[in-house]
Amino acid sequence: MSISIQFLGAAGCVTGSQFLVTAGDRRVLVDCGMFQGSPEEVERNHLPFAFEADALDAAILTHAHLDHCGRLPALVKAGFRGPIHGTHATADLAEIVLRDSAKLQVEFTDRWNRRHARDAEKATAAAATEATARETDDESFPERLRNAPPEGRTYTRAPLYDEADVEATMQQFRGADYGAEIAVTDGVTAVLHDAGHILGSAIVELRVTDGAEPRTIIFSGDLGRDGSPILRDPTPISHADHVVVESTYGNREHDPHDQAIEELVAAITEVSTDEGVLLVPAFAIGRTQEVIWVLDELVRDGRIPRVPLYLDSPMASRATTVYHDHPETYDEETAALLRSGDSPLEYPGQQFTDTVEASRSIRHAKRPIMVVASSGMLTGGRIMHHLKDFLPDPKCTLLFIGYQGEGTLGRRLQDGGRTARIDGQEIDVRCRVRSISGFSAHADQHELETWLGHFGADGRPKTVFIVHGDPDAAEAFAARIRSGLGMEAVIPKHRETVTLT
Ligand SMILES: [Zn+2]
Ligand SMILES: [Zn+2]
């Protein structure tokens, strides 16, 4: 019997994590993420699955970020009826993420359909005008107009999934504890280890029995960093036959955490002196809770003035509630703070903005203020109207604290772009734009290498597959693994199948 992995996402790019493990007639999917970023990547979400969804035995989810769980409801819609394994916290967070995503899918599809209906109408009208001027059987009649949709018909597209699909998906979730053995399917077991990336995030240890000897495949998922707030450090693993490892920062080192704190203090002091606005684009899940944890600490230690904070993301607020629900996953420091009566997941006097009106009226708030809003890469969400207000204002600071994907507005501004196009409007960038890399939720090159270094002499993987990274990052990391650790490193291509020997 042969065991293989097919790399169906996050291969040659960061998003869309999806790995199909086949052992004989058994099939297990690890992650089923959404492609995000450039329009070409997003379009991949609409392609059919590369396998029969109803022939899949089970799915395992590393964590609740959209690029890891976002296509699960589409999988269920396509006929998958098996269990979805993940930690309890992952199941809770995934519900928030997927419900939000379903709403966006429906809205996005409506817009897409309206736009195409308008185009079709125009084409039909143009064809009609042209037809009255010429005979339609005239050979010179333009091909373009011949192919216009028949009158009264438009091209429409259904949403990837809707809330009912999410409802069905949630029924298939099976929450697990870290360290517990999960019976996945015949001859396949899994153990989830803390990945320290976001609440509930897991490294998946998959054991596949192949005749005599079981084989172990480790999926790193997204790996967090040692010493980051709230969460425990990523679990060191010492034995595997094969490892699939992320490489988001495979070619970069983050600044030390202390330096990140210094930079944050400087940015807050600056807007406080200027009576300006500190605008922080944040990912609703993970980043936001960590930043608030840090801000709470800075106020407690008297290192920053108590600048009012607006948490302008209903999804982030809901995620914070889930963080509250899972103290079993906290690190010792956060657990001790809780015992002492502090509420480290809250900034003193923070204001939630539930409605869009409340969000829009932040522009009139008495300054200085801090605003934390999503989306983190400026690809949509409430941050967009804040950008219109604050980008042209020299007293404001746009502060990036997370990864900015290639092709996103966030990356363009981070790289020094002086204009931004938002809702068809050209906005001048006159505010300060700063980036702090030390708050990343991802291990950097050195930390990834350290984690791989835990595989001992008798547990060394035969192959390390490098995924979840832009090509430069993956290449650089592969070179490090080969030279520094002496392991065989492979960068699989999108949709490539590798048979494990
Ligand atoms: Zn993640
Ligand atoms: Zn990810």
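See the structure shown above.
Residues numbered from 1 in each chain as written. Chains lettered and ligands numbered in written order. Predicted model: local features only at pLDDT ≥ 70, side-chain atom pairs only at ≥ 80, totals over all residues. Heavy atoms only, no water.

Caption draft 1: Highlighting the coordination of the zinc ion (ligand 2). Every protein donor of the zinc ion (ligand 2) is accounted for by Asp67 (OD), His68 (NE2), Asp222 (OD) and His468 (NE2), and the metal-donor separations fall at 2.2 to 2.4 Å. One can describe the site at the zinc ion (ligand 2) as irregular: its 4 donor atoms subtend angles covering 90 to 165° at the metal. Sequence spacing of the donors to the zinc ion (ligand 2): D-H-x153-D-x245-H. (Donors = N, O, S within 2.8 Å, 3.2 Å for Na, K, Ca; no water. Tetrahedral: all angles 85-135°; square planar, octahedral: opposite > 155°, others 65-115°.)

Caption draft 2: Examining the sheet that holds strand E1 (residues 3–9) more closely. Reading across the sheet, the 7 strands line up as E6-E5-E4-E3-E2-E1-E22 and stay open at both edges, with mixed pairing between neighbours. Looking at the sheet topology across the chains shown, the edges are occupied by strand E6 (173–176) and strand E22 (497–500). Each strand of the sheet is rotated relative to its neighbour by a mean of 25°, with strand direction disregarded. (Pairing = 2+ DSSP bridges. Helix = DSSP H or I, 4+ residues; strand = E, 2+ residues; numbered from the N terminus. Axes fitted to C-alpha atoms, helices over the stretch in contact; angles between N-to-C directions.)

Caption draft 3: Looking closely at the sheet that holds strand E7 (residues 181–185). The strand order E7-E8-E9-E10-E11-E20-E21 describes an open sheet built from 7 strands, whose pairing is mixed. Each edge of the open sheet is held by one strand with a lone partner, namely E7 and strand E21 (489–490). With 2 bridges joining them, strand E20 (residues 463–467) and E21 adopt parallel strand pairing. Bridging across to E21, Val464 finds its partner in Ala489. Sheet contacts for helix H14 (residues 445–453): strand E9 (202–210), strand E10 (213–219), strand E11 (242–246) and E20; angle to E11, the most-contacted strand, approximately 165°. Lying on the sheet, helix H15 (residues 471–485) is in contact with E11, E20 and E21; it crosses E20 at an angle near 160°. (Contact = heavy atoms within 4.5 Å.)

Caption draft 4: Seen up close, the coordination of the zinc ion (ligand 1). Protein coordination at the zinc ion (ligand 1): the donors are His63 (NE2), His65 (ND1), His197 (NE2) and Asp222 (OD), at 2.1 to 2.3 Å from the metal. Bound by 4 donor atoms, the zinc ion (ligand 1) shows angles of 91 to 164° at the metal and therefore irregular coordination geometry. Between consecutive donor residues of the zinc ion (ligand 1), the sequence gaps follow H-x1-H-x131-H-x24-D. In this structure Asp222 comes out as buried when scored by relative accessible area, which is 2%. (Buried < 20%, exposed > 50% of the residue type's maximum accessible area, 1.4 Å probe, protein only.)

Caption draft 5: Highlighting the nonpolar core. Residues Leu72, Leu75, Leu93, Leu264 and Leu295 are the most contacted members of the largest nonpolar core, which totals 74 residues. Counting residues domain by domain, this core receives three or more from each of domain 1 (3–101 + 164–251 + 441–500) and domain 2 (257–435). In contact with Leu295, not counting residues within four places along its chain, are Leu264, Ile268, Ile304, Leu309, Tyr347 and Met370. Counting 29 residues, the second largest nonpolar core, distinct from the first, contains Ala10, Val30, Ile182 and Val498. (Core = buried A, V, L, I, M, F, W, Y, C linked by side-chain atoms within 4.5 Å. Domains from an automatic or database assignment.)

Caption draft 6: Examining the packing of aromatic side chains more closely. For the structure shown, the criterion picks out 6 aromatic pairs. Plain terms: the ring middles of Phe7 and Phe19 are 5.9 Å apart, the flat faces sit at 75° to each other, and that makes the pair edge-to-face. Here Phe19 lies in strand E2 (residues 18–23) and Phe7 lies in strand E1, a separation of 12 residues in the sequence. Like Phe7, the residue Phe19 is buried in the burial classification. An aromatic cluster of three or more residues is present, and its members are Phe7, Phe19, Phe219 and Phe465. (Phe/Tyr/Trp six-rings, centres within 6.5 Å; stacked < 30°, edge-to-face > 60°.)

Caption draft 7: Representation of the state of the cysteines within the structure. Applying the stated criterion across every chain, the model contains 0 disulfides. As a non-bridged cysteine, Cys69 has Cys32 as the owner of its nearest cysteine sulfur, 9.0 Å distant. Free cysteine: Cys431, not disulfide-bonded; nearest cysteine sulfur from Cys396 at 6.7 Å. (Disulfide = S-S within 2.5 Å.)

Caption draft 8: Structural view of the pattern of salt bridges. Enumeration according to the criterion identifies 25 salt bridges in this entry. Asp274 serves as the salt-bridge partner of Arg432, at 2.9 Å between the closest nitrogen and oxygen. Remark: Asp274 occurs in helix H7 (residues 257–274) and Arg432 occurs in strand E19 (residues 432–435); sequence separation between them is 158 residues. The residue Arg300 makes a salt bridge to Asp342 at a minimum N-O spacing of 3.0 Å. Of the two residues, Arg300 is situated in helix H8 (residues 287–300) and Asp342 in the loop between helix H10 (332–339) and strand E14 (351–352); the sequence distance between them amounts to 42 residues. Members of the salt-bridge network, linked through shared partners, are Glu95, Arg99, Glu163 and Glu167. (Salt bridge = Lys/Arg side-chain N within 4 Å of Asp/Glu carboxyl O.)

Caption draft 9: Representation of the pairing of strand E16 (residues 396–400) within the structure. Of all 5 residues in E16, 5 are buried, a share of seventy percent or more. Of the two faces of E16, both are covered, the one formed by Cys396, Leu398 and Phe400 as well as the one formed by Thr397 and Leu399. Where E16 and E19 come together, 4 bridges link them in parallel fashion. Of the residues in E19, the one forming a bridge with Thr397 is Arg432.

Caption draft 10: Expanded view of a positive patch on the surface. Judged by side-chain charge, Arg111, Arg114, Arg115, Arg118 and Lys122 come together as a positively charged surface patch. Mapped onto the fold, Arg118 is located in helix H4 (residues 88–133). (Patch = residues over 30% accessible without salt bridge, like charges linked within 9 Å, V, L, I, M, F, W, Y side chains within 5 Å. Areas by Shrake-Rupley, 256 points an atom, 1.4 Å probe, with all protein chains shown as cover. Lys, Arg positive; Asp, Glu negative; His and termini not counted. Charge placed at Lys NZ, Arg CZ, Asp CG, Glu CD.)

Caption draft 11: View of the packing of H14 against H15. Running from N to C, H14 and H15 cross one another at 45°; their axes reach a closest spacing of 11 Å. In terms of their interaxial angle, H14 and H15 are classed as oblique. In this structure, H14 meets H15 at a crossing whose hand is right-handed. Across the interface between the two elements, Gln445, Leu448, Glu449, Leu452 and Gly453 from H14 touch Ala476, Phe477, Arg480, Ile481, Gly484 and Leu485 from H15. (Parallel < 35°, antiparallel > 145°, perpendicular 65-115°, else oblique. Left-handed = near helix turned anticlockwise from the far one by under 90°.)

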